[in-house]
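The chain contents come next:
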Amino acid sequence: MGDSQIKPGTYTLFTIPEKDHWTIILNSELGQWGAYNYNSKLDVVRFDVPVSTTVEVYEPFTIEFEQKAQSAELVMMWDRTKVTIPIEFM
């Protein structure tokens, strides 16, 4: 995911949105509601992805997976903002 190798498992996904990029965080603590008790010491990986814009407006926050041959993309959209996280499978 991104440029990091992630062990199979279950993780919490956090984002830090900025105007030109989002910071993507996979964290090993599960069962959190929001980021109220976020603990950065439990981050598995943290990386940035660029922001792009869409023609279509996404009223609700939307997450989609776009499957490729040996990879996928996790795509997050909100309003006219879109970020794409590359995922490769081993």
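What you see is a predicted model, and the numbers here were worked out from it, not measured in a lab.

K.L.:
Would you mind going over unusual backbone geometry in detail, with residue names and values included?
P.N.:
Here the phi dihedral of aspartate 79 falls at roughly 60 degrees; this positive angle occurs in a residue that is not glycine. Tracing the backbone shows aspartate 79 in strand β4 (residues 71-88).

K.L.:
Would you mind going over a nonpolar patch on the surface in detail, with residue names and values included?
P.N.:
Judged by side-chain polarity, Phe61, Ile63, Phe65 and Trp78 come together as a nonpolar surface patch covering roughly 470 Å² of accessible area. It is strand β3 (residues 43-67) that provides the largest number of residues to the nonpolar patch, a total of 3 residues. Tracing the sequence through the fold places tryptophan 78 in strand β4. Given the relative accessible area of 48%, tryptophan 78 is considered partly exposed.

K.L.:
Which residues make up the pairing of strand β2 (residues 21-27), and what values do they have?
P.N.:
Two faces make up the sheet, and in a regular strand the side chains alternate between them. The element β2 is extensively covered by neighbouring structure, given that 6 of its 7 residues are classed as buried. Bridge analysis of strand β1 (residues 12-17) against β2 gives 6 bridges, and the strand direction is antiparallel. The residue bridging isoleucine 16 from the neighbouring strand is threonine 23, located in β2. The hairpin turn running from β1 into β2, its antiparallel successor, is 3 residues long. Note: β2 against β3, 7 bridges, orientation antiparallel. Note on β3: the bridge partner recorded for tryptophan 22 is valine 49.

K.L.:
An account of the pattern of salt bridges is needed here, citing residue identities and associated values.
P.N.:
All chains considered together, the criterion is met by 2 salt bridges. Close ionic contact of aspartate 43 with arginine 46 constitutes a salt bridge, the shortest N to O distance being 3.5 Å. Linking glutamate 73 and lysine 68 is a salt bridge whose minimum nitrogen-to-oxygen distance equals 3.9 Å. Taking the relative accessible area as the measure of exposure, glutamate 73 reaches 22% and is therefore partly exposed. You can call lysine 68 partly exposed: its relative accessible area is 39%.

Rules of the game
The written sequence of each chain sets the order in which its residues are numbered from 1. Totals for whole chains, interfaces and linings use every residue, but because this is a predicted model, local features are given only for residues with pLDDT of at least 70 and side-chain atom pairs only at 80 or more, for both listing and counting. Each side-chain value is worked out from all heavy atoms of the structure, with water and hydrogens disregarded. Counting from the N terminus, the helices are DSSP H or I runs at least four residues long and the strands are E runs at least two residues long. Patch membership needs two things, relative accessible area over 30% and no salt bridge, and members are linked within 9 Å if like-charged or within 5 Å if nonpolar (Val, Leu, Ile, Met, Phe, Trp, Tyr). Throughout, the Shrake-Rupley method with a 1.4 Å probe supplies accessible areas, and for residues the shown protein chains are the sole cover considered. Salt bridges are counted wherever a side-chain nitrogen of Lys or Arg sits within 4 Å of a carboxyl oxygen of Asp or Glu. Residue exposure (1.4 Å probe, protein chains only): buried if accessible area is under 20% of the type maximum, exposed if over 50%, otherwise partly exposed. For two strands to be treated as a pair, DSSP must find at least two bridges joining them.

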